[in-house]
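Structure assessment
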Amino acid sequence: MKILVFYFVFLCLATLTSIQQASAQGGALNVVKTGITVHHRGKIAVGDSIIAFGTGINTGVDYIRIGDKQGRGIPGGDQFSATNFVVAGEKIVLINTREFTFHVFDTKTGTMSEVPGLKNRGNSPLKVSGNYVAAVTMDETRNRNTFSVIDVGGAEPNVAVNQPPWSGAIRIDQVAIDAPSGNLVVSTGDQIARVLFKTGDTEPIVHQIREHGNAGTKAIPVSGDMAYYFSAESGQKNLMEFNLVNGSVRKLGVNPATSAVGAAGGTVAYFAKRDAKDRSSTHARLAVARKGGAPTIAVAADRFVDGRTRNNGLHGFGNTVAVTPDGRRVFVSGKDAVGRTDRLQVYEGTTMRLFPDPSVNPAFLQATDVAVSATLAAFKTGADANTTLGYIRLR
């Protein structure tokens, strides 16, 4: 009996110490749990002061402003895709799943505008940078897909680019965009094209990447003049760095990898899959490269969240990654439903930080599907498929 009591006290003290350490590490990054239900399969997207989130498995989108305790509502919100929308500043760009049309909801004025002349194509994800949204669209008159850029900076949305693929290209798999550099990236799988969409000359500059492995349909993030794609070589995924200026390709030093990657502000972050030690169930070990340097492992040796086993997560492991626009912070979480190993973590260049949460044991916040902007990090928390919305103000 004495042994059991001693062990219980030891666990309590260890948990309290962990909370105190996390609080000391946490600084001004305070977690807010809204209690607002978000579907565990729905997307989360963040802007300057708003958070949009999916309310259903296929359709339904709502949003909040910082401080809200319930969703504010979007006109016809149940008609829009719950997994394919983006936030551009104070506006939410949505896809009507019945009409395959694009719509822009201005949260400041409460007005909804349809984007003229564009139709959605399949499940290709929307991409956003600043006031620009990139999309794979459909030319219904010629039954072919096109790539488009929507400028939502004005009172009404404007289609800045809408054109078919270049000669020899049959399909467009995906697009990516970086507004500060003016780069629009268009991928057909075996080719990647750079479009300087701000210059008025939207002729694609095409590069073959077949000898470096096809890009496939996994998301391609772009940061400045660098884009990152996963190649399939001998059945393994390797993260490749593609230089949009000269077309050169570099396989990053930490590989193979899983299929999650984030890039912004000169930082690229992804999950290594070199051997069994890099994996823990569906999670993998975080690798980070900054300003074109060699990638490093965030936490090289196993550090258990509970101090003993992998059952409650590991430092530096996850399967969702998001990088703040300045490249300073890398957030890591789980994906979809919330499990015991899904811990919200942030990497700022030296160590991984966890966030205290006395409602769970071990007392560190469980979270999935983290998404970031310059001012906010938002995520799902809760247990299993019973997920609610949480956020952290970054400044």
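Rules used throughout
- Residues numbered from 1 in each chain as written.
- Predicted model: local features only at pLDDT ≥ 70, side-chain atom pairs only at ≥ 80, totals over all residues.
- Heavy atoms only, no water.
- pLDDT = per-residue confidence, 0-100.
- Contact = heavy atoms within 4.5 Å.
- Pairing = 2+ DSSP bridges.
- Helix = DSSP H or I, 4+ residues; strand = E, 2+ residues; numbered from the N terminus.
- Axes fitted to C-alpha atoms, helices over the stretch in contact; angles between N-to-C directions.
- Salt bridge = Lys/Arg side-chain N within 4 Å of Asp/Glu carboxyl O.
- Buried < 20%, exposed > 50% of the residue type's maximum accessible area, 1.4 Å probe, protein only.

**Points about the confidence of the model for the protein chain**
Averaged over the protein chain, the pLDDT score is 91; the fraction of residues at 70 or greater is 93%. The low-confidence segment residues 1-26, where pLDDT is below 50, has 16 contacts with residues more than four positions distant or belonging to other chains.

**Quick word on the sheet that holds strand β3 (residues 50-54)**
Strand order in this open sheet of three strands is β2-β3-β4, and the pairing throughout is antiparallel. On the outer flanks of this sheet lie β2 (44-46) and β4 (61-65), each paired with one strand and no other. Pairwise comparison of adjacent strand axes, ignoring direction, gives a mean angle of 20° for this sheet. Bridging between β3 and β4 involves five bridges; their strand directions are antiparallel. Pairing of F53 across the sheet is with D62, part of β4.

**Concerning the pattern of salt bridges**
Per the counting criterion, the structure on display carries 17 salt bridges. Put simply, K33 and D357 hold a salt bridge, and the shortest N to O gap is 2.7 Å. Of this pair, K33 sits in strand β1 (residues 31-37) while D357 sits in the loop between β30 (352-354) and β31 (368-372), placing them 324 residues apart in sequence. A residue is classified by how much of its surface remains accessible, and K33, at 39% relative accessible area, is partly exposed. Take D357: its relative accessible area is 6%, and that puts it in the buried class. If you follow the salt bridges from partner to partner, you end up with R274, D278, R285, D302 and R310 in one network.

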